[in-house]
Amino acid sequence: MASVDLNADLGEGFGVWELGDDAAMLDIVTSANLACGFHAGDPAGLARTSRAAAERGVRIGAQVSYRDLAGFGRRFIDVAPAELTAEVIYQIGALQALARVAGSEVGYVKPHGALYNTIVNHREQARAVAEAVHAVDPDLPVLSLAGSVFFDEAQRLGLRTVAEAFADRAYHADGTLVSRREEGAVLHDPDQIAERVAGMVHSGRVLAVDGTAVDVRVESVCVHGDSRGAVNIAAAVRERLLRDSIELKAFV
C-alpha cells in the first residue's frame, strides 16, 4: 500500500493569542511542525502541544525560522551564516528539551516561512541551516522542497531529505511557491484542495498558476495550521487519501 505523511505547522500561539486549533489538527495529521519561539510559540504552549502530540503518537518536528517574532518569520533577514547556524541549533535544542519532557523527541527539522523560501536558492543560508541540523544530530531528516539548494547542501552532509508538497499553496511553473503577498497564493476550498492533493500523490504533478504541469515529489503533504478553515481542509485531505487507499504514516 502506498503511504504519505500529512504534516501541519502547529504550536504557533503566543501568550494569550491563540493561532489555529492544535488539538483538532493533531487528531488528523501524522507529523507536527512545532514553532521554536523565533517566529511564534512560547515555552508553555509548546510544552502543551508537545504533550498532546506525544499522547496521539504524532511525530514532532522543529520548525526553525529567522528571529522575526513581529513578522511571523515571513520577512527575509540577511543574517550571517555563522549566526544563522547558531540560531537554528538553539531552536532545535529548545524544542528537543520540551519534546523529551513530554515523552517524545524531535524527529526532523523543517524551516519556516521566509527562511524556507530563501534557502530554495540561497546557498550560503542553505548551507548554514544544513550544518546546524548536522551539528545537532546527523540522523535528523530535513523536510523541504525537492530540487532546492538546501537539499543539495543537506545531502552533501549525508542528511536524509524528505520532499514536501503543499496542499493549500499555489505553485509557480518552476516549482516554487507563490508569495503570500500575491492574490490566490493560498487556497481555501476543502474539496478542491483534497482533489488537488490526491492528484499530486497519484500523478506526481500539480498545475501551476499559469497552467503548467509541474513535477512534484510527495513524501509529505503540508496543510497550514493557521489557514482559514485549516481543520476542515486537513480532514478533507485525510479522508480523500484514505478513500484512495493511501496509508497516512509519518516518515520517521
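- Under an unreviewed UniProt entry, the protein has the name 5-oxoprolinase subunit A and belongs to Mycobacterium pinniadriaticum.
- The annotation that UniProt attaches to the protein under Subunit (unreviewed entry) is "Forms a complex composed of PxpA, PxpB and PxpC."
- Quoted verbatim from the Catalytic activity (unreviewed entry) field of UniProt, the annotation for the protein is "5-oxo-L-proline + ATP + 2 H2O = L-glutamate + ADP + phosphate + H(+)".

## What to know about a nonpolar patch on the surface
Here comes step 1: Residues F14, V16, W17 and L69 make up a contiguous nonpolar surface patch of about 470 Å² in total accessible area.
Here comes step 2: One can find L69 in the loop between β3 (59-64) and α3 (81-101).

## Description of the packing of aromatic side chains
Here comes step 1: According to the stated counting rule, one finds 5 aromatic pairs in the structure shown.
Here comes step 2: Taking 5.5 Å as the distance between ring centres and 85° as the angle between the ring planes, the aromatic pair formed by Y116 and F166 counts as edge-to-face. Residue Y116 is found in helix α4 (residues 113-118), and its partner F166 is found in strand β6 (residues 161-166); the two are separated by 50 residues along the sequence. Here Y116 matches F166 in class, with each residue buried.
Here comes step 3: Arranged with centres 6.3 Å apart and planes meeting at 40°, the rings of F150 and F151 form a pair that is tilted.

## Some words on the packing of helix α2 (residues 43-56) against α3
Each pair of packed helices can be summarised by the angle the axes make with each other and by the distance between the axes.
Here comes step 1: Viewed as axis vectors pointing N to C, α2 and α3 meet at an angle of 50°, and their least axial separation amounts to 8 Å. The pairing of α2 with α3 is recorded here as oblique in orientation. As α2 packs across α3, the resulting crossing turns out to be right-handed. Residue-level contacts link P43, L46, A47 and S50 of α2 to L95, L98 and A99 of α3.
Here comes step 2: Among the residues making up the contact of α2 with α3, the classes are represented as 6 nonpolar, 1 polar and no charged.

## Some words on the side chain of N33
Here comes step 1: With respect to the element layout, N33 can be found in strand β2 (residues 31-35).
Here comes step 2: A polar contact is formed between the side chain of N33 and the side chain of Y108, at a distance of 2.6 Å.
Here comes step 3: Excluding anything up to four places from it in sequence, N33 contacts N7, A8, D9, L10, G61, Q63, Y108, K110 and L143.

## Observations concerning the environment of I193
Here comes step 1: Mapped onto the elements of the fold, I193 is located in helix α7 (residues 190-203).
Here comes step 2: By relative accessible area, which is 0% here, I193 ends up buried.
Here comes step 3: Sequence spacing of I193 and G45 is 148 residues, and the spatial spacing of their C-alpha atoms is 29 Å.
Here comes step 4: Every residue in contact with I193, bar those within four places of it in the chain, is listed here: A167, D168, L187, H188, I233 and V237.

## What to know about the packing of helix α5 (residues 123-136) against helix α6 (residues 149-156)
Here comes step 1: Two elements in contact, α5 and α6, have axes whose closest approach is 8 Å; the angle formed by their N-to-C orientations is 40°. The angle between the axes of α5 and α6 places the two elements in the oblique class. Taken as a pair, α5 and α6 cross one another with a handedness that is right-handed. Across the interface between the two elements, R123, A126, R127, V129, A130 and E131 of α5 pack against V149, F150, D152, E153, A154 and R156 of α6.

## Regarding α2
Here comes step 1: End to end, α2 covers 20 Å across 14 residues, agreeing with the expected 20 Å (1.5 Å per residue, within 8%).
Here comes step 2: Buried within α2 we find G45, L46, A47, T49, S50, A52 and A53.
Here comes step 3: On the buried face of α2, the contacting elements are α1 (22-26), β2, β3 and α3.
Here comes step 4: Looking at the residues trailing α2, positive phi occurs at G57, about 75°.

## So, the side chain of S31
Here comes step 1: As for its placement among the helices and strands, S31 is situated in strand β2.
Here comes step 2: Sequence-distant contacts of S31, defined by excluding residues within four places in its chain, comprise D5, L6, N7, A8, V58, R59, Y108, A250 and F251.

## Section: the pattern of salt bridges
Side-chain pairs of opposite charge can arise where the charged atoms are in close proximity.
Here comes step 1: Taken as a whole, this structure holds 17 salt bridges when the rule is applied.
Here comes step 2: For the salt bridge of R123 with D152, the shortest nitrogen-to-oxygen distance reads 3.6 Å. Remark: D152 occurs in helix α6 and R123 occurs in helix α5; sequence separation between them is 29 residues.
Here comes step 3: Under the relative-accessibility criterion, R123 is labelled partly exposed at 34%.
Here comes step 4: If you follow the salt bridges from partner to partner, you end up with R123, R127, E131, D152, E153 and R156 in one network.

What counts and what doesn't
Residues numbered from 1 in each chain as written. Predicted model: local features only at pLDDT ≥ 70, side-chain atom pairs only at ≥ 80, totals over all residues. Heavy atoms only, no water. UniProt positions renumbered as here; feature names shortened; annotations may be inferred. Patch = residues over 30% accessible without salt bridge, like charges linked within 9 Å, V, L, I, M, F, W, Y side chains within 5 Å. Areas by Shrake-Rupley, 256 points an atom, 1.4 Å probe, with all protein chains shown as cover. Salt bridge = Lys/Arg side-chain N within 4 Å of Asp/Glu carboxyl O. Helix = DSSP H or I, 4+ residues; strand = E, 2+ residues; numbered from the N terminus. Phe/Tyr/Trp six-rings, centres within 6.5 Å; stacked < 30°, edge-to-face > 60°. Buried < 20%, exposed > 50% of the residue type's maximum accessible area, 1.4 Å probe, protein only. Axes fitted to C-alpha atoms, helices over the stretch in contact; angles between N-to-C directions. Parallel < 35°, antiparallel > 145°, perpendicular 65-115°, else oblique. Left-handed = near helix turned anticlockwise from the far one by under 90°. Contact = heavy atoms within 4.5 Å. Nonpolar A, V, L, I, M, F, W, Y, C, P; charged D, E, K, R; others polar. Polar contact = N/O pair within 3.5 Å; in protein donor to acceptor, adjacent residues only side chain to side chain. Expected span 1.5 Å × (residues − 1).

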